[in-house]
Amino acid sequence: MPTSLLVVDDFLDQPQVLREAALQLEYPEQQGAFPGRNSEERIELDGLLPHVSRLVGERLKPIEPSGSHAKFRITLASDVGRGKVHVDPGYWSGVLYLSRPEDCRGGTDFFRHRRTNTDRRPMNPQELAALGYASIDQAHADIVERDGLDERCWETTMSVPMRFNRLVLLRPWLWHTAGAGFGDRLENGRLVYLMFFAAG
């Protein structure tokens, strides 16, 4: 009976401390396919790994290579990108919302791919074969790379609204995307703390 999604409100005892730390970091110019910028630095939270492991009921470890794990991401209304619907690497992903309550809008959106009638990437050779794919890479190219930006190809199945200090834990193989950016500066933009875990 696997869990696919978990939403935890009031996750941190002192979320404002983490938000203030995030506001002091450097956010280099956008480098990847998605709107927004990651912090140059990462901040490891004491006790995060065992706490998230307890929440999901599975032993976890940080993903390797670390990538965006323990970094912050800021997305402003003016930011644009080449990607939208996607999957993440790893076994669990986490997004902790850190925008001020008065700024929060959007959230994290989940989708069904209309052409394949799927809400996640195929997970094994049987699922790949049933969809007519020979490999995960072929499925990714045909679904995410081909259709990821085309809204006509996707049906929104669910949205988890942004709320200050709300943690969204999700299986990274679900078709999903971040909500739209907002604000015009770090202080009022879409600010999140990112987590990526592997099976422990």
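Below is a summary of the structure that appears in this document. Here the residue numbers are simple positions, counted from 1 along each chain's written sequence. For this predicted model, a pLDDT threshold of at least 70 governs which residues receive local features, and a threshold of 80 or more governs which side-chain atom pairs are given and counted, while totals over whole chains, interfaces and linings are taken from all residues. The basis for every side-chain value is the complete set of heavy atoms in the structure, and neither hydrogens nor water enter the calculation.

1. Structural notes on the environment of Q126
Moving on, step 1. Every helix listed is a DSSP run of H or I at least four residues long, and every strand listed is a run of E at least two residues long, numbered separately from the N terminus. Its location among the elements puts Q126 in helix α3 (residues 125-131).
Moving on, step 2. For Q126, a relative accessible area of 58% corresponds to the exposed category.
Moving on, step 3. In this structure, the C-alpha to C-alpha distance between Q126 and E41, residues 85 residues apart in sequence, is 41 Å. In this scheme, a residue with accessible area under 20% of its type's maximum is buried, one over 50% is exposed, and one in between is partly exposed, where area comes from a 1.4 Å probe on protein chains only.

2. Remarks on helix α2 (residues 48-56)
Moving on, step 1. Of the positions making up α2, those classed as buried are L48, V52, S53 and V56. For α2, the angular spread of buried residues about the axis comes to 125 degrees, placing them on one side.
Moving on, step 2. Two residues form a contact once any of their heavy atoms are found within 4.5 Å. In this structure, the buried residues of α2 make contact with β1 (5-8), β3 (60-62), β5 (92-97), β8 (167-170) and β10 (190-199).
Moving on, step 3. A positive phi of about 75 degrees marks G57, the residue just after α2. Comment: arc refers to directions from the helix axis out to C-beta atoms.

3. So, the pattern of salt bridges
Moving on, step 1. What makes a salt bridge here is a side-chain nitrogen of Lys or Arg within 4 Å of a carboxyl oxygen of Asp or Glu, nothing more. Overall, the coordinates contain 14 salt bridges when judged by the stated rule.
Moving on, step 2. The salt bridge partner of R171 is E58, with a shortest N-O separation of 2.7 Å. Taken together, the residues R171 in the loop between β8 and β9 (176-178) and E58 in the loop between α2 and β3 connect sequence positions 113 residues apart.
Moving on, step 3. Residue R171 is classed as buried on the basis of its relative accessible area, which comes to 5%.
Moving on, step 4. Given the relative accessible area of 21%, E58 is considered partly exposed.
Moving on, step 5. Its salt-bridge partner being R146, residue D147 comes within 3.7 Å of it at the nearest N-O pair.
Moving on, step 6. Owing to a relative accessible area of 5%, D147 belongs among the buried residues under this scheme.
Moving on, step 7. Among the ionic contacts, a cluster of salt bridges with common partners joins R115, D142, R146 and D147.

4. Remarks on the packing of aromatic side chains
Moving on, step 1. Pairing of aromatic rings covers Phe, Tyr and Trp, the last counted by its six-membered ring, and requires centre-to-centre distances within 6.5 Å; plane angles under 30 degrees mean stacked, over 60 mean edge-to-face, and any other angle means tilted. If you walk through the whole model with that rule in mind, you get four aromatic pairs.
Moving on, step 2. Ring geometry for Y91 against W173: centres 6.1 Å apart, planes inclined by 65 degrees, an arrangement best described as edge-to-face. Here Y91, found in the loop between β4 (72-75) and β5, pairs with W173, found in the loop between β8 and β9; they are 82 residues apart in sequence, far enough to count as distant.
Moving on, step 3. Relative accessible area serves as the criterion here: at 24%, Y91 is assigned to the partly exposed category.
Moving on, step 4. Ring centres 6.2 Å apart and planes at 70 degrees place the aromatic pair F111 and W154 in the edge-to-face group.

5. Considerations on the side chain of R190
Moving on, step 1. Mapped onto the fold, R190 is located in strand β10.
Moving on, step 2. Asp and Glu are treated as the negative residues and Lys and Arg as the positive ones, with His and the ends of the chain left uncounted. Buried within the structure, R190 lacks any salt-bridge partner; its nearest side chain of opposite charge belongs to D109, at an N-O separation of 7.8 Å.

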